[in-house]
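One-letter residues, chain by chain:
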Amino acid sequence: MKKIQRKTMLYKTGVEYGDYTMNHTQGCSHGCKYPCYAFLMAKRFGRVKTYEEWKRPVIVENTLELLDKEIPKLKEKISSVHLCFTTDPFMLGYNEIKQMSINSIKKLNQEGIKCTVLTKGLLPIELTMLSKENEYGITLVSLDETYREKYEPGASMYKDRIESLFQMHKAGFKTWVSIEPYPTPNIVTQDIYKILSEIAFADKIIFGRTNYSKEISSYKKNKEFYNNEAQKVIEFCNEKNINYHIKKGTVTSNSSE
Ligand code: SF4
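For the structure given in this document, a descriptive report is provided here. (Residues numbered from 1 in each chain as written. Predicted model: local features only at pLDDT ≥ 70, side-chain atom pairs only at ≥ 80, totals over all residues. Heavy atoms only, no water.)

**Considerations on the site of the ligand**
Now for step 1: Residues in close proximity to the ligand include C28, H30, G31, C32, C36, W54, T87, D88 and K120, which together make up its full environment.
Now for step 2: Judged by its atoms lying within 2 Å of the grid points, the ligand is housed in the largest pocket.
Now for step 3: For the shell around the ligand, the residue count by class is four nonpolar, three polar and two charged. (Near = heavy atom within 4 Å. 1 Å grid on protein atoms, 1.4 Å probe; cavity = no way out; pocket = protein on both sides within 12 Å on 5 of 7 lines; lining within 4 Å. Sits in = over half its atoms within 2 Å of the grid points. Nonpolar A, V, L, I, M, F, W, Y, C, P; charged D, E, K, R; others polar.)

**Section: the side chain of R161**
Now for step 1: Along the polypeptide, R161 turns up in helix α6 (residues 158-170).
Now for step 2: There is a polar contact of 2.7 Å between the side chain of R161 and the backbone oxygen of T139.
Now for step 3: A polar contact is formed between the side chain of R161 and the backbone oxygen of S156, at a distance of 2.8 Å.
Now for step 4: Apart from residues lying up to four places away in sequence, R161 is in contact with T119, K120, G121, L122, I138, T139, R148, E152, A155 and S156. (Helix = DSSP H or I, 4+ residues; strand = E, 2+ residues; numbered from the N terminus. Polar contact = N/O pair within 3.5 Å; in protein donor to acceptor, adjacent residues only side chain to side chain. Contact = heavy atoms within 4.5 Å.)

**Observations concerning helix α9 (residues 222-240)**
Now for step 1: Between its terminal C-alpha atoms α9 stretches 27 Å, which fits the 27 Å expected from 19 residues at 1.5 Å a residue.
Now for step 2: Summarising the contacts, the buried residues of α9 are in contact with β9 (174-182), α7 (192-198), β10 (204-209), α8 (214-217) and β11 (243-246).
Now for step 3: Following α9 by one or two positions, N241 has its phi on the positive side, about 60 degrees. (Expected span 1.5 Å × (residues − 1).)

**A few points about the sheet that holds strand β7 (residues 114-119)**
Now for step 1: Strand order across the open sheet formed by eight strands is β2-β3-β6-β7-β8-β9-β10-β11, with mixed pairing between neighbours. In the strand order of this sheet, the two ends are held by β2 (11-12) and β11, each with one partner.
Now for step 2: Pairing between β7 and strand β8 (residues 135-139): four bridges, direction parallel. Bridge pairing links T119 to I138 in β8. (Pairing = 2+ DSSP bridges.)

**Some details on the nonpolar core**
Now for step 1: One finds L10, V81, L123, L127, Y182 and F207 to be the most contacted residues of the largest nonpolar core, which totals 70 residues.
Now for step 2: Among all residues touching L10, those that are not within four sequence positions of it are Y20, T21, M22, L67, E70, I71, L74, I78, V81 and L108. (Core = buried A, V, L, I, M, F, W, Y, C linked by side-chain atoms within 4.5 Å. Buried < 20%, exposed > 50% of the residue type's maximum accessible area, 1.4 Å probe, protein only.)

**Topic: the sheet that holds strand β4 (residues 25-26)**
Now for step 1: On the basis of which strands lie adjacent, the open sheet formed by three strands has the order β1-β5-β4 and mixed pairing. Two strands close off the open sheet at either side, each with one partner strand: β1 (3-4) and β4.

**Some details on the packing of aromatic side chains**
Now for step 1: Evaluated as defined, the whole model comprises ten aromatic pairs.
Now for step 2: Aromatic side chains F166 and F201 sit 5.1 Å apart centroid to centroid with 70 degrees between the ring planes, which places their arrangement in the edge-to-face category. Separated by 35 residues along the polypeptide, F166 in helix α6 and F201 in the loop between α7 and β10 bring together distant segments of the chain.
Now for step 3: An aromatic cluster of three or more residues is present, and its members are Y182, F207, Y219, F225 and Y226. (Phe/Tyr/Trp six-rings, centres within 6.5 Å; stacked < 30°, edge-to-face > 60°.)

See the structure below:
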């Protein structure tokens with residue numbers, strides 16, 4: 001696996017539900033085609049040239065050294081560190097990345113810093129040995145494996161992903177699910193209640209629309225659709241006493257615009 005060095009690791013994210021974040025890998029073997037915003041940005045800023053290159057992840061080999069330098073300086077400002085917004089900390093088949101993710105979380109926890117994790121891979125059981133403050137999440141936008149094979153070709157199967165999250169829940173951790181980027185019915189016909197019922201054990205659900213996609217914008221009723229689906233998520237979460245966050249831009253006031 002190719003390795004690179006970086007100058008910095010921890011930074012404050014602009015993502016609406018995040019605090020500090022780290023991305024200790026460049027690229028992602030899951031190769032999502034919604035499209036993946038991180039890939040679009042990496043391509044735009046010349047960090048990768050092609051989708052094929054993006055799918056061959058490169059690890060930041062000095063990650064732990066950077067954390068040793070940065071944690072003492074930032075410790076007082078940080079309330080949590082998220083892994084990851086521009087790559088996946090537990091991408092399938094990459095043991096070296098998995099180990100680096102676990103070691104990074106361990107290091108942050110030792111300094112009293114809580115971590116939140118989001119993956120489309122599988123949450124390894126070793127995470128249950130780390131701080132009980134950590135929160136673990138998966139992205140889940142469908143239960144349809146035909147959809148996954150087309151849009152998340154390198155990611156874990158949905159049932160395995162849900163099971164790995166459930167194991168974290170059973171071990172006493174707070175769990176969350178990101179239902180984003182949610183597809184419109186011209187891409188896949190599905191009942192959101194079926195997805196919600198599979199993850200009703202989670203403590204928090206984040207729901208958001210798909211952006212930067214011609215397939216979505218060609219679906220004329222997309223605004224009305226997202227308003228309705230968001231309402232279903234809100235009602236389901238209220239009924240089950242689950243926290244929720246609807247991403248900005250998902251609900252719009254004028255569905256006929
Ligand atoms: S898992 Fe996330 S970072 Fe990886 S390709 Fe998919 S959307 Fe991009």
